[in-house]
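# Understanding the architecture of this molecule
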Amino acid sequence: MIIQPKTRGFICTTAHPDGCASQVQRQINYVKEQPAIQGPRNVLVVGASTGYGLASRIVAAFGASANTVGVYFDKEAEGSRTASAGWYNSAAFEAAAQDSESKSYSIVGDAFSDEIKAKTIDLIRAELGSVDLIVYSVASPRRVHPKTGEVFSSVIKPLGGTYRNKTVNFHSGEVTEAVIEPATEDEVRQTIAVMGGEDWQLWIDALSEAGVLADGATTVAYSYIGPEITHAVYREGTIGKAKNDLEATALRLNEQLGANGGRAFVSVNKALVTQSSSAIPVVPLYISALYKVMKEKGLHEGCIEQMYRLFSERLYGEGATPVDNKGLIRVDDWEMREDVQAEVEKLWTDLATENVYELSDLEGYRREFFQLFGFETDGIDYEADANPDVAIPNLR
Ligand code: NAD
């Protein structure tokens, strides 16, 4: 069938298999061109099909020649509906990994459930024996608690007072004011339950109790801090509370794993276009301004460049992993550079519908958004017939 993008708000409901495959191959090629990493041998990535999780898996497999298990929640094609982008990305990843020296396996299902944890553990035991790196990169709007069955929804809201700031409709270029009312206490509780550290802790406990966590294992989860502009709605809002919980979990896990020579970290990554970040008000406009400044300064990175730097220079670089005074790995260092932020702030003051394409890289943002779903990718003929039914090799 001919597959074209169909958008609903910040979601694209179709994905292109060949475009997604091409995007994954581009990331693999980037990693193969970099010096090899002396890193982990057997890696579990939870949330492995898009964004930072996918890039982590690619760096592990093609940068460190590690065996990988990817867990993710994606849908295959059905009738006239295409599969999700993560499905096509993973199919392409698995196909490329089959041709490499590293083994790889995929598990599709709800990572929050006991069932998927048990299935993953059985697979690790049978195929790899144990894992020595666990990347936790789940971003989800909801979670069903595995013990109580309670359904939690995460929200992106400020705390205490109403938040107002500029936002953009990245399809039309219209800059308007976002007005977001503060969260209730229950919304904070639910957001922490979805995006905080509880599930990460449950994964590590389950792997450890099952005896499939290698001695000296490392685990890492991802966080964001960002600039003053987004603090009220992000870092000091509901999601920030969840990230505080994630960071506190890292400190606990570091002690727990430390008993066997292991380590736990939170890495603070750069703001990038992903399916999750496009859902946050204000952030797409901030990212557009940031891209403009960082591209002009030659500092721009995507998920794959960020994750290569995380693995090669931080997690598996020479000597101890460098962290800030809160114990966090900072690969958002270039984003947060004073000169970068000063220029973004200057642009922010002037940004309006009339000048948004000139003062920011909104066009780059929009294009990357469509590329997340395999569209607007060079070398793909979007008028040609494409087969939406793509199988994932090694799906368990
Ligand atoms: P993403 O939406 O691209 O990826 C989320 C992944 O989680 C996908 O593989 C998806 O399949 C998986 N997932 C969602 N629900 C699941 C479930 N129930 N079971 C199994 N898998 C599930 O998101 P992302 O932007 O790469 O975010 C990953 C992490 O990085 C998050 O913690 C996010 O806060 C953090 N982060 C993102 C940014 C950014 O700008 N995008 C910046 C810094 C940190």
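Residues numbered from 1 in each chain as written. Predicted model: local features only at pLDDT ≥ 70, side-chain atom pairs only at ≥ 80, totals over all residues. Heavy atoms only, no water.

### So, the overall build of the protein
Along the backbone of the protein there are 13 helices and 13 strands. The globule rule puts the C-alpha radius of gyration for 396 residues at 21 Å, and the 20 Å found for the protein is close to it. Seen through its principal axes, the protein has C-alpha atoms that stretch 60 × 50 × 45 Å. Evaluated residue by residue, the protein yields a buried proportion of 56% over its 396 residues. When the accessible area of the protein is evaluated, it comes to approximately 16,400 Å², of which 48% is carbon and sulfur surface. Charge-centre separation for the protein: the mean point of 37 positive side chains lies 2 Å from the mean point of 56 negative side chains. (Helix = DSSP H or I, 4+ residues; strand = E, 2+ residues; numbered from the N terminus. Rg over C-alpha atoms; globule rule 2.2 N^0.38 Å. Buried < 20%, exposed > 50% of the residue type's maximum accessible area, 1.4 Å probe, protein only. Areas by Shrake-Rupley, 256 points an atom, 1.4 Å probe, with all protein chains shown as cover. Lys, Arg positive; Asp, Glu negative; His and termini not counted. Charge placed at Lys NZ, Arg CZ, Asp CG, Glu CD.)

### Quick notes on the layout of surface pockets
The calculated volume of the second largest pocket comes to roughly 540 Å³. Around the second largest pocket, the lining comprises 27 residues; the ones closest to its centre are Gln23, Arg26, Gln27, Glu368 and Gln371. Elements that contribute at least two residues to the lining of the second largest pocket include exactly helix 1 (17-33), helix 2 (51-63), helix 10 (303-315) and helix 13 (362-371). With six residues, the single largest contributor to the lining of the second largest pocket is helix 1. Within the lining of the second largest pocket, the residues separate by chemical class into eight nonpolar, 13 polar and six charged. (1 Å grid on protein atoms, 1.4 Å probe; cavity = no way out; pocket = protein on both sides within 12 Å on 5 of 7 lines; lining within 4 Å. Points joined across faces, edges and corners; volume = space filled by probe spheres on them. Nonpolar A, V, L, I, M, F, W, Y, C, P; charged D, E, K, R; others polar.)

### With respect to the pattern of salt bridges
Inspection of every chain in the model, using the stated rule, returns 25 salt bridges. Of the charged contacts, one joins Asp114 and Lys147 as a salt bridge, the two residues approaching to 3.2 Å between their closest N and O atoms. Taken as a pair, Asp114 in helix 4 (residues 114-127) and Lys147 in the loop between strand 7 (142-144) and strand 8 (151-153) lie far apart in primary sequence, 33 residues in all. By relative accessible area, Lys147 is classed as exposed at 56%. Here Arg366 makes a salt bridge to Glu363, at a shortest N to O gap of 3.1 Å. Of this pair, Arg366 and Glu363 both sit in helix 13, three residues apart, which is roughly one turn of that helix. Under the relative-accessibility criterion, Arg366 is labelled buried at 17%. Salt bridges sharing common partners tie together Lys297, Arg337, Asp339 and Glu343. (Salt bridge = Lys/Arg side-chain N within 4 Å of Asp/Glu carboxyl O.)

### Digging into the UniProt feature "domain: Enoyl reductase FAD binding" (unreviewed entry) in the protein
Sites flagged by UniProt as "domain: Enoyl reductase FAD binding" (unreviewed entry) map to residues 323-385. With 43% helix and 3% strand, the stretch residues 323-385 has end C-alpha atoms that lie 49 Å from each other. (UniProt positions renumbered as here; feature names shortened; annotations may be inferred.)

### Thoughts on the site of the ligand
Around the ligand, the structure places 28 residues, and the nearest of them are Ser49, Ala111, Lys243, Thr274 and Ser276. Within the side chain of Thr50, an N or O atom sits 2.8 Å from an oxygen atom of the ligand. Within the backbone of Ala139, one N or O atom sits 3.4 Å away from an oxygen atom of the ligand. About the coverage of the ligand: the protein hides 92% of its 840 Å² of free accessible area. Looking at the shell around the ligand, the elements with two or more residues in it are helix 2 and strand 11 (213-223). For the shell around the ligand, the residue count by class is twelve nonpolar, twelve polar and four charged. (Near = heavy atom within 4 Å. Polar contact = N/O pair within 3.5 Å; in protein donor to acceptor, adjacent residues only side chain to side chain.)

### Describing the packing of helix 6 (residues 198-209) against helix 8 (residues 238-258)
Across the interface, helix 6 lies against helix 8 with an axial gap of 9 Å and an inter-helix angle of 20°. Considered as vectors, helix 6 and helix 8 are oriented roughly parallel to each other. Viewed along their axes, helix 6 and helix 8 form a crossing whose handedness is right-handed. Counting all contacts with helix 6, which are made through Glu198, Trp200, Gln201, Ile204 and Asp205, the residues of helix 8 involved are Asp245, Leu246, Thr249, Ala250, Arg252, Leu253, Gln256 and Leu257. When the residues that make up the contact of helix 6 with helix 8 are grouped by side-chain class, the tally is six nonpolar, three polar and four charged. (Axes fitted to C-alpha atoms, helices over the stretch in contact; angles between N-to-C directions. Parallel < 35°, antiparallel > 145°, perpendicular 65-115°, else oblique. Left-handed = near helix turned anticlockwise from the far one by under 90°. Contact = heavy atoms within 4.5 Å.)

### Some thoughts on unusual backbone geometry
In this structure, Ser65 takes a positive phi of about 50° despite not being glycine. Tracing the backbone shows Ser65 in the loop between helix 2 and strand 4 (67-72). We classify Ser65 as partly exposed; its relative accessible area is 30%. Non-glycine residue Asn394 carries a positive phi angle of around 65°. Within the fold, Asn394 resides in the segment after helix 13.

### A word on the nonpolar core
Core analysis: the largest hydrophobic core is formed by 95 residues, its most contacted members being Ile58, Phe62, Tyr286 and Phe311. At nine residues, helix 9 (residues 283-296) tops the list of elements feeding residues into this core. Once residues within four sequence positions are removed from consideration, Phe62 is found in contact with Ile28, Val31, Lys32, Phe93, Ala96, Ala97 and Ser100. One finds Ala111, Ile124, Tyr136 and Leu246 within the second-largest nonpolar core, a separate group that totals 35 residues. (Core = buried A, V, L, I, M, F, W, Y, C linked by side-chain atoms within 4.5 Å.)

### Focus on the side chain of Ser104
Along the chain, Ser104 falls in strand 5 (residues 104-108). For Ser104, a relative accessible area of 2% gives the class buried. Among the polar contacts listed, one links the side chain of Ser104 to the side chain of Glu94, at a separation of 2.4 Å. Leaving out residues up to four positions away in the same chain, Ser104 has contacts with Arg57, Thr68, Phe93, Glu94, Ala97, Gln98 and Asn394.

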